[in-house]
Amino acid sequence: MLTKNIPAFLVLAASMTLVACGSGDDATPSSAAAEAATEAANDAADTVAEDAQDVVEDAADAATDAIDDAADAVADAADDAADAMADAADDMNDTMADAEETVSDMVDDAAATVAGDSDAPAASGDCALTIEAGDRLGYNTDSLTAAASCSEVTVTLVHTGKLPKNAMGHNWVLVKKSDLDAVGAAGMTAGIDNSYVPVGDDRIIAATQLIGGGETSSTTVDMSVLDADTEYAFICTFPGHWSIMRGSFTIG
Ligand code: ZN
């Protein structure tokens, strides 16, 4: 375009000069034509130079724009990458939080299950029995009844007092009623380390540990060894307690 415009402009300028010269006063046609041609050539050169400068400027602008665009693109890409990493970090934190929650729930569920298991027999009433004793001589009941349908019965003794076991210790020992006094007497010499329960004594059907205030101990009674025609009794074998701390254990 640029190179084609130059001759057209020259021809136009020259012909306009010739027309002007024809009506001129003192300039000779030949010198006027030469002058016009020179001006036209100069104008054309200026135009070419300006056009060329515009092209260079346009190119420079385009290059600057391209660099800016590229810089923007790099910045955007960096932002996107940073966002993606931040998102990934958030996701990881969420995942870890979820995992911790899941573990916590599992622990809670397990604890609930364990608690539920120990509570469940108590709810049925017969296969798990609880008896209490405090800081004075005496159980909270003088009779316990186990269901005949239970293959095992768990008896839990709870010490509701505050005194230590060497001062006001209690246990729960199951014997035949006919053995009650003899086992009570034997317990006195069995020693606190043995919970005042005679070691290796066949008369002991079941026995908890000796406990003090705030403590709990359980024992399991194998119902298959009990005879429906025999009377059973429970006692505390802490020295001096068995004459008062005693009760009947029946099969219902
Ligand atoms: Zn006792």
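Each remark here, short or long, concerns the structure printed above.
Worth saying up front: this structure is predicted, and the values here are computed from it rather than measured.

What counts, and at which threshold
What you see as residue numbers is a count from 1 along each chain, following the sequence as written. Given that this is a predicted model, residues contribute local features only at a pLDDT of at least 70 and side-chain atom pairs are listed and counted only at 80 or more, while totals for whole chains, interfaces and linings are drawn from all residues. The side-chain numbers reported here are obtained from all heavy atoms of the structure, hydrogens and water having been left aside. In this scheme, a residue with accessible area under 20% of its type's maximum is buried, one over 50% is exposed, and one in between is partly exposed, where area comes from a 1.4 Å probe on protein chains only. Think of it this way: any DSSP run of H or I at least four residues long counts as a helix, any run of E at least two long counts as a strand, and we number them from the N terminus. Here the arc refers to the set of directions running from the helix axis out to each C-beta atom. Listed donors are limited to N, O and S atoms within 2.8 Å of the metal, widened to 3.2 Å for Na, K and Ca; water is not among them, so incomplete-looking sites are possible. In this description, the term disulfide denotes a pair of cysteine sulfurs within 2.5 Å. Any N or O atom pair separated by 3.5 Å or less is treated as a polar contact, with the protein-specific requirement of one donor-capable and one acceptor-capable atom, and with residues adjacent in sequence counted only for side-chain atom pairs. For this analysis, residues touch if any pair of their heavy atoms sits within 4.5 Å. Strands are treated as partners if at least two bridges between them are detected by DSSP. Orientation is described by axes fitted as lines to C-alpha atoms, over the contacting stretch for helices, and by angles from 0 to 180 degrees between their N-to-C directions. The term salt bridge refers to a pairing of a side-chain nitrogen on Lys or Arg with a carboxyl oxygen on Asp or Glu at a separation within 4 Å.

J.: Would you take a moment to explain helix α4 (residues 180–187) for this structure?
T.: Along an α-helix, residues three or four positions apart point the same way, because every turn accommodates 3.6 residues. Every buried residue belonging to α4 is among Leu-180, Val-183, Gly-184 and Gly-187, and all of these are buried. End-on view of α4: buried residues confined to an arc of 105°, all on one side of the axis.

J.: Could you clarify how one ought to interpret the coordination of the zinc ion in this entry?
T.: For a metal with four tetrahedral donors the ideal donor-metal-donor angle is 109.5 degrees, while six octahedral donors give ideal angles of 90 or 180 degrees. Here the zinc ion is held by His-170 (ND1), Cys-236 (SG) and His-241 (ND1), and the distances to it run 2.1 to 2.2 Å. Donor residues binding the zinc ion come from one chain and are separated in sequence as H-x65-C-x4-H. Per residue, the accessibility class of Cys-236 equals that of His-241, and both read buried.

J.: Teacher, can you tell me more about the state of the cysteines here?
T.: Here a disulfide denotes one covalent bond, and it connects the sulfur atoms of two cysteines. Applying the stated criterion to the full structure yields 1 disulfide. The side chain of Cys-127 participates in a disulfide bridge whose partner is Cys-150; the two sulfur atoms lie 1.8 Å from each other. Sign of the S-S torsion, about -90° for the bond between Cys-127 and Cys-150, identifies this disulfide as left-handed. With Cys-127 in the loop between α2 (29–124) and β1 (128–133) and Cys-150 in the loop between β2 (143–146) and β3 (152–159), this pair connects stretches of sequence that are 23 residues apart. Residue Cys-127 is classed as partly exposed on the basis of its relative accessible area of 25%.

J.: Looking at this model, I keep getting lost on the side chain of His-170. Mind explaining?
T.: When you line up the elements, His-170 lands in the loop between α3 (165–168) and β4 (173–176). Judged by relative accessible area, which is 1%, His-170 ranks as buried. There is a polar contact of 2.7 Å between the side chain of His-170 and the backbone oxygen of Gly-134. Polar side-chain contacts of His-170 include one of 3.4 Å to the side chain of His-241. His-170 has contacts with Ala-133, Gly-134, Arg-136, Leu-157, His-159, Gln-209, Leu-210, Ile-211, Cys-236, His-241 and Met-245, leaving out every residue within four places of it along the chain.

J.: Even after reading the chapter, I still don't get the sheet that holds β2, so can you show me in this structure?
T.: Adjacent strands of a sheet pair through backbone hydrogen bonds, lying either parallel or antiparallel. Here we have 5 strands laid out as an open sheet, ordered β2-β8-β7-β4-β5, and mixed in their pairing. Two strands close off the open sheet at either side, each with one partner strand: β2 and β5 (206–207). Contacting β4, β7 (232–235) and β8 (246–251), α4 crosses the sheet at an angle of about 25° to β7.

J.: Can you help me understand the sheet that holds β3 in this one?
T.: Spatial ordering of the open sheet is given by β1-β3-β6, a layout of 3 strands whose pairing is mixed. Each end of this open sheet is capped by a strand with a single partner; those strands are β1 and β6 (216–222). Each adjacent strand pair in this sheet contributes to an overall mean axis angle of 20°, direction not counted. Relative to β6, β3 runs antiparallel, the two sharing 7 bridges. Directly across from Val-155, in β6, lies its bridge partner Thr-219.

J.: Explanation requested: the pattern of salt bridges in the structure shown.
T.: Oppositely charged side chains can pair when the atoms bearing their charge come close. Counted by the stated rule, this structure contains 2 salt bridges. A salt bridge links Asp-181 to Arg-246, with the shortest nitrogen-to-oxygen separation between them at 3.3 Å. Taken together, the residues Asp-181 in helix α4 and Arg-246 in strand β8 connect sequence positions 65 residues apart. Arg-246 gets classed as partly exposed once you look at its relative accessible area, which sits at 32%. The salt bridge involving Asp-201 is made with Arg-203; its shortest N-O contact spans 2.7 Å. Owing to a relative accessible area of 30%, Arg-203 belongs among the partly exposed residues under this scheme.

By themselves, these observations are geometric and do not establish any function.
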